[in-house]
Amino acid sequence: MAHQRILIIGAGGQVGTELTEALRARYGGENVVATDINPNAALAATGPYEILNVLDKDRLEALIDQYRIDTIYHLAALLSATGEKNPALAWDLNCNGLLNVLNLMRDKKLSRLFWPSTIAVFGPHTPRQNTPQFCVMDPNTMYGLTKLAGERLCEYYFNKYGVDVRSLRYPGLIGWKAEPGGGTTDYAVHIFYDAIRTGNYTCFLKGDTALPMMHMEDAIKATIDLMHADGEKLSIRSSYNLSGMSFTPEELTIEIQKLIPGFSMDYAPDYRQAIADSWPASIDDSTARKDWGWQPTYDLEGLTRNMMENIRIKIEGIHTA
Ligand code: SER
């Protein structure tokens, strides 16, 4: 059976940490090679671990050969906020990193590639509510425009070279196992740590900023389901719209206050407000539902409860260690 020998690029990140765990549980640790630009003792403890900068094509090729890889999950990227701080690196990593992977997929005839896109591919002229799969896309962040270029590359490599590439436009992802890095939606993770530790959080977005969000467990499930879907049923080879829920910082505050009644929120919007304002408030993912049966599990209440419970255990564990 195909996809037994997996390479994960960017395994130490917010998505990679949880995806590596899920894939190792499914396929066995030895069949899932985790790679990242930084060392990671936790990932090295459960299976093969290698340092990899995806811009180093020779090293990437050597690892594919060494481990007889047939399936790649390429997650390494600079996100929206970090991308604005270092646009040149965001362009290089996000575009040339993907090109390296696509070229090796083609040249070595590997079986399947997952590459994540994002709600950041949309822009100020995109319809903001229930953003459709196909519409005006005029991203104005370096992150968004590199991901839109990446979507076009993926579809091109599928049509022209038959590379079996599959992709999702992730919304803001919220999980308790790994912290996010450099995104505009990160407040929705940090808020839980501060709520438990201090009872107060200062949000870098305005209270009424609605954004599409999703629990990490749902994102991992969507990713694995899409990678196992019948290729014949997939009508989208650029990237699927994917939706979990939408909420504002004010709405999240109300949910948290149900569990921590004294919790208070302050607002100090910064440069990330303009990024959020250029993105959709909610997403129409009917094509994903129709093509491969996508359905999210978590709503805002369930997400808040789950995050609070697990981060509490994590923090108390850290304190007593
Ligand atoms: N979570 C991402 C970010 O905020 C969006 O894809 O950059």
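Right above here is the structure, for reference.
Residues numbered from 1 in each chain as written. Predicted model: local features only at pLDDT ≥ 70, side-chain atom pairs only at ≥ 80, totals over all residues. Heavy atoms only, no water.

**Student:** Before we move on, could you go through the pattern of salt bridges and cite the residues and values that matter?
**Tutor:** Scanning the model with the defined rule gives 16 salt bridges in all. One salt bridge connects lysine 290 with aspartate 291, and the closest N-O pair in it is separated by 3.6 Å. Residue aspartate 291 is classed as buried on the basis of its relative accessible area, which comes to 8%. The partner of glutamate 301 in a salt bridge is arginine 305, with the nearest N and O atoms 3.3 Å apart. Highlighted residues: glutamate 301 and arginine 305, both in helix H12 (residues 300-320), separated by four residues, approximately one helical turn. Residue classification places glutamate 301 among the partly exposed residues on the basis of a relative accessible area of 40%. Each of Arg112, Asp164, Arg166 and Arg237 takes part in one network of salt bridges that share partners. (Salt bridge = Lys/Arg side-chain N within 4 Å of Asp/Glu carboxyl O. Buried < 20%, exposed > 50% of the residue type's maximum accessible area, 1.4 Å probe, protein only. Helix = DSSP H or I, 4+ residues; strand = E, 2+ residues; numbered from the N terminus.)

**Student:** Explain the site of the ligand to me, and be specific about the residues and the numbers.
**Tutor:** As a matter of local geometry, the ligand sits amid Leu79, Ser80, Thr118, Tyr143, Gly183, Thr184, Thr185 and Trp279. One of the side-chain N or O atoms of threonine 118 is found 2.6 Å from an oxygen atom in the ligand. In the environment of the ligand, an oxygen atom lies 2.6 Å from a nitrogen or oxygen atom belonging to the backbone of threonine 184. For the shell around the ligand, the class distribution of residues is three nonpolar, five polar and no charged. (Near = heavy atom within 4 Å. Polar contact = N/O pair within 3.5 Å; in protein donor to acceptor, adjacent residues only side chain to side chain. Nonpolar A, V, L, I, M, F, W, Y, C, P; charged D, E, K, R; others polar.)

**Student:** Help me get a handle on the nonpolar core, residues and values and all.
**Tutor:** Within the largest apolar cluster, 38 residues are counted, with the highest numbers of intra-cluster contacts made by Ile174, Tyr187, Phe192, Phe247 and Leu252. Among the elements of the structure, helix H6 (142-161), helix H7 (187-197), strand S10 (200-203), strand S11 (211-215), strand S13 (245-247), helix H9 (249-259), helix H10 (272-277) and H12 are those that each provide at least two residues to this core. Other than its neighbours up to four places away in sequence, phenylalanine 192 contacts Ile174, Leu252, Ile256, Leu303, Thr304, Met307, Met308 and Ile311. (Core = buried A, V, L, I, M, F, W, Y, C linked by side-chain atoms within 4.5 Å. Contact = heavy atoms within 4.5 Å.)

**Student:** Quick one: what's the story with a negative patch on the surface, residue by residue and with numbers?
**Tutor:** A surface patch of like charges, here negative, comprises Asp208, Glu250, Glu251 and Asp277. Residue position: glutamate 251 is located in helix H9. Residue classification places glutamate 251 among the partly exposed residues on the basis of a relative accessible area of 38%. (Patch = residues over 30% accessible without salt bridge, like charges linked within 9 Å, V, L, I, M, F, W, Y side chains within 5 Å. Areas by Shrake-Rupley, 256 points an atom, 1.4 Å probe, with all protein chains shown as cover. Lys, Arg positive; Asp, Glu negative; His and termini not counted. Charge placed at Lys NZ, Arg CZ, Asp CG, Glu CD.)

**Student:** So what about the packing of aromatic side chains? Which residues, and what values?
**Tutor:** Throughout the structure, instances matching the rule amount to eight aromatic pairs. Ring geometry for phenylalanine 114 against tyrosine 170: centres 6.1 Å apart, planes inclined by 45 degrees, an arrangement best described as tilted. Of the two residues, phenylalanine 114 is situated in strand S5 (residues 112-114) and tyrosine 170 in strand S8 (residues 168-170); the sequence distance between them amounts to 56 residues. Tyrosine 170 sits in the buried class, given a relative accessible area of 7%. Here the aromatic rings of tyrosine 156 and tyrosine 161 are separated by 6.3 Å at their centres, their planes lie at 75 degrees, and the arrangement is edge-to-face. Judged by its relative accessible area of 41%, tyrosine 156 falls in the partly exposed class. Three or more aromatic residues joined by ring pairs make a cluster, and in this case those are Tyr73, Phe114 and Tyr170. One residue, arginine 106, lies across the ring of tyrosine 161, its end atom 4.7 Å from the ring centre. Against the face of phenylalanine 204 rests arginine 272, its NZ or CZ located 3.6 Å from the ring centre. (Phe/Tyr/Trp six-rings, centres within 6.5 Å; stacked < 30°, edge-to-face > 60°. Lys NZ or Arg CZ within 6 Å of the ring centre and 35° of its normal.)

**Student:** Residue-level account of the side chain of asparagine 40, with values.
**Tutor:** Checked against the element boundaries, asparagine 40 lands in the loop between strand S2 (32-36) and helix H2 (41-44). For asparagine 40, the side chain forms a polar contact with the main-chain nitrogen of leucine 43, separated by 3.0 Å. If near-sequence neighbours (up to four positions away) are discounted, asparagine 40 is found in contact with Gly12 and Tyr49.

**Student:** Describe unusual backbone geometry, listing the residues and the values that go with them.
**Tutor:** Even without glycine at this site, arginine 68 takes up a positive phi of about 50 degrees. Tracing the backbone shows arginine 68 in the loop between helix H3 (57-66) and strand S4 (71-74). Relative accessible area serves as the criterion here: at 59%, arginine 68 is assigned to the exposed category. Unlike most non-glycine residues, lysine 109 shows phi in positive territory, near 50 degrees. The residue lysine 109 is located in the loop between helix H5 (87-107) and S5 in this model.

**Student:** I'd love a proper account of the packing of H7 against H9, names of residues and values included.
**Tutor:** Across the interface, H7 lies against H9 with an axial gap of 11 Å and an inter-helix angle of 30 degrees. Considering only the axes of H7 and H9, their crossing is right-handed. Mapping the contact onto sequence places Tyr187, Ala188, Ile191, Phe192 and Ala195 in H7 and Pro249, Leu252 and Ile256 in H9. Of the residues contributing to the contact of H7 with H9, the split by class is eight nonpolar, no polar and no charged. (Axes fitted to C-alpha atoms, helices over the stretch in contact; angles between N-to-C directions. Left-handed = near helix turned anticlockwise from the far one by under 90°.)

**Student:** Let's hear about the sheet that holds strand S9 (residues 172-174): which residues, and what values?
**Tutor:** Taking strand neighbours across the sheet as the criterion, the three strands line up as S9-S11-S13 in an open arrangement whose pairing is mixed. Among the strands making up the open sheet, the edge pair consists of S9 and S13. Recorded for the sheet is a direction-independent mean angle of 45 degrees between the axes of neighbouring strands. Against the sheet, helix H8 (residues 216-228) contacts S9 and S11, and its axis sits at roughly 80 degrees relative to S11. (Pairing = 2+ DSSP bridges.)

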